[in-house]
Amino acid sequence: MDQKVTINRRLVGWLALAFLVGAVVSFVMDENDSVNLAQSICTRVGVVLGTLWLALPKDGTLGKWAEVSIVKLLVIVMIFVTVVRAPQRFLRYLPILLAVTAAGRFLRPRAK
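This structure is a prediction, so every number in the text was calculated from the model and none was measured.

## A look at the overall build of the chain
In step 1: Summing up its helical and strand segments, the chain has 4 helices and 0 strands in all.
In step 2: Beginning at the N terminus, the succession of helices and strands in the chain can be written as α-α-α-α.
In step 3: Here the chain holds 112 residues, and the buried ones make up 13% of them.
In step 4: Sequence-distant contacts, at least 24 apart, represent 59% of the contacts inside the chain between residues at least 6 apart.
In step 5: With the model as given, the accessible surface of the chain reaches about 10000 Å², and the carbon-plus-sulfur share is 68%.

## As for the confidence of the model for the chain
In step 1: Of the residues in the chain, 85% have a pLDDT of 70 or more, and the chain-wide mean is 81.
In step 2: Here helix α3 (residues 70-85) stands out as the element of the chain with the lowest mean pLDDT, 82, in contrast to helix α1 (residues 9-29), whose mean of 89 is the highest.

## Concerning the environment of L11
In step 1: Secondary-structure assignment places L11 in helix α1.
In step 2: Classification of L11 by relative accessible area gives partly exposed; the value is 46%.
In step 3: For L11 and L49, which are 38 residues apart along the polypeptide, the C-alpha to C-alpha distance reads 10.0 Å.

Cut-off values and rules
- Residues numbered from 1 in each chain as written.
- Predicted model: local features only at pLDDT ≥ 70, side-chain atom pairs only at ≥ 80, totals over all residues.
- Heavy atoms only, no water.
- Helix = DSSP H or I, 4+ residues; strand = E, 2+ residues; numbered from the N terminus.
- Buried < 20%, exposed > 50% of the residue type's maximum accessible area, 1.4 Å probe, protein only.
- Contact = heavy atoms within 4.5 Å.
- Areas by Shrake-Rupley, 256 points an atom, 1.4 Å probe, with all protein chains shown as cover.
- pLDDT = per-residue confidence, 0-100.

Following this line, the structure appears as structure tokens:
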């Protein structure tokens, strides 16, 4: 599994711009003030692609993100979802999370 993943940064940027332009056009052309599904989709996808474009390195590789294990990535996503959906619950369990993290940091085997 020593593959180098490349992402076309320029294409991601153009797609982000196209989605954001689509959101603006949908906003301008909408005659009623109801919630427009196309505008919502274009706005969200455009913002996510725009932030991805900003985060990508110029050489097209994933950089340090290629070294992150799937377990760490899942933990990051679960913490993010918990913070967004129930911030009080996250704050309640934050001391436990910090204690487990500190214990894991100090109790792991030393590299030789």
